Amino acid sequence: MDNKTVLIVDDSRVSRMMIKAIVADVCPEWNIIEAANGDDALAKSTDIQAIDVMILDFNMPGMNGLTLAEILKEKYPQAQLSLLTANIQESIQRKADKLGIGFVKKPITQEKIRGILTYA
Amino acid sequence: MPEELKILNDLQLDALAEVFNLGMGNAAASLSEMVGEEVELTVPEICFVNKEDAIKLLSEQASGDVSSVSQGFSGPLGGMAMLMFPIDKSLEIVRLLLEDTVSLDKLTEFEEEALCEIGNIILNSGLSSLADVFGQEMQSTLPIFSQGSCDDVMNTKSVNEKRIDIVMFLRVEFSIEKHATAGHVVYLLDVNSTKNLTKNIDCYLKKLSIAV
């Protein structure tokens, strides 16, 4: 895979570590940006011209993953966004569908992350 | 034996147990994916008791101090969901989760956060099943970790901030067979939830065309 950039946003450090380890294994050339919440993600992406893949948690301190996705989608219309969450309610899945972003149920596994990265 | 509170009739209780059976089945599948081991699940048994009796029941079953993850929830029902593991087994669960990511000597450093993530996934499975069956959305707070006796973890500041009326004591054991580890899940319901629970279960039964 080409050299691309992935943004990982999750308030759980353990989750970020697990996702990061899988991305580094599957796409070792990729640039990884980590953020612990929505504000952190927006701050860290300010100067980044292109982000190819975004993996966003839903329940986080401050704005939730869907609100963050709306903002990021506008700024990076080409990016492939996925909600990766333990909140697997149908209503949340419908909102993600409506927004045109992926919905992936936690727990984090190599197959799920690989699936997200494959389409980038 | 603690006094069981008669909140639901047998049919309502059966419907609720089925909803949680589905939710906990999803939770067990998730836990199995996380730890890479087969997870056995007992059929959820539900009873309603007051908080003091819930602590007694848990203390009898947990046989010792526990690691607990709690998450507040609101929506059609409000209160606090809690997952508890025996304290002496929690590091083993963390090891199963993180053995490919973190070196053994650093496991303790990640124990709290890893258990919060496990709790987040298991508790949300149960809450999501309830929300889907009720056709409504539920919100949950971020997971909070605590350790101590059952009495300690059921009386933390975050739990006591909720105006808990009754405890929906969902006794479900997750057994990670090779490691002889079991966990318990309880839902503490606030004062406004009892009526809503009955109302929502009746709506669910009506949708299924089952006379209440």
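A brief report on the enclosed structure follows. (Residues numbered from 1 in each chain as written. Chains lettered and ligands numbered in written order. Predicted model: local features only at pLDDT ≥ 70, side-chain atom pairs only at ≥ 80, totals over all residues. Heavy atoms only, no water.)

**What about the nonpolar core?**
Phase 1 of the analysis: Ranked by size, the top nonpolar core spans 76 residues in total, and within it B:Leu16, B:Leu98, B:Ile118, B:Phe174, B:Val185, B:Tyr187 and B:Leu197 carry the most contacts.
Phase 2 of the analysis: With 14 residues, the single largest contributor to this core is helix H4 (residues 107-134) of chain B.
Phase 3 of the analysis: For B:Tyr187, the residues in contact, after removing those within four places along its chain, are B:Phe20, B:Met24, B:Phe73, B:Met80, B:Ala81, B:Leu123, B:Gly126, B:Leu127, B:Val167, B:Met168 and B:Leu170.
Phase 4 of the analysis: Judged by nonpolar contacts, the second largest core, of 23 residues, contains A:Phe58, A:Met60, A:Leu72 and A:Ile92. (Core = buried A, V, L, I, M, F, W, Y, C linked by side-chain atoms within 4.5 Å. Buried < 20%, exposed > 50% of the residue type's maximum accessible area, 1.4 Å probe, protein only. Helix = DSSP H or I, 4+ residues; strand = E, 2+ residues; numbered from the N terminus. Contact = heavy atoms within 4.5 Å.)

**As for the environment of B:Val185**
All names here are of chain B.
Phase 1 of the analysis: For Val185, the position within the fold is in strand S9 (residues 181-190).
Phase 2 of the analysis: Considered as a pair, Val185 and Ser70 are 115 residues apart in the sequence and their alpha carbons are 9.7 Å apart.
Phase 3 of the analysis: Among all residues touching Val185, those that are not within four sequence positions of it are Met24, Met82, Leu83, Ile122, Leu123, Leu170, Arg171, Val172 and Phe174.

**A closer look at the packing of helix H3 (residues 65-75) of chain A against helix H4 (residues 90-99) of chain A**
All names here are of chain A.
Phase 1 of the analysis: For the pair H3 and H4, interaxial distance at closest approach is 11 Å and the crossing angle is 5°. One element, H3, and the other, H4, form an angle in the roughly parallel class. For the pair formed by H3 and H4, the contact residues are Leu66, Ala69, Glu70 and Lys73 on the first element and Ile92, Lys95, Ala96 and Leu99 on the second.
Phase 2 of the analysis: For the contact of H3 with H4, the residue count by class is five nonpolar, no polar and three charged. (Axes fitted to C-alpha atoms, helices over the stretch in contact; angles between N-to-C directions. Parallel < 35°, antiparallel > 145°, perpendicular 65-115°, else oblique. Nonpolar A, V, L, I, M, F, W, Y, C, P; charged D, E, K, R; others polar.)

**Notes on the state of the cysteines**
Residues and elements named next belong to chain B.
Phase 1 of the analysis: Applying the stated criterion to the full structure yields zero disulfides over all chains.
Phase 2 of the analysis: Of the cysteine sulfurs around Cys150, a residue in no disulfide, the closest is that of Cys47, at 14 Å.
Phase 3 of the analysis: When its relative accessible area of 2% is taken as the criterion, Cys150 is described as buried. (Disulfide = S-S within 2.5 Å.)

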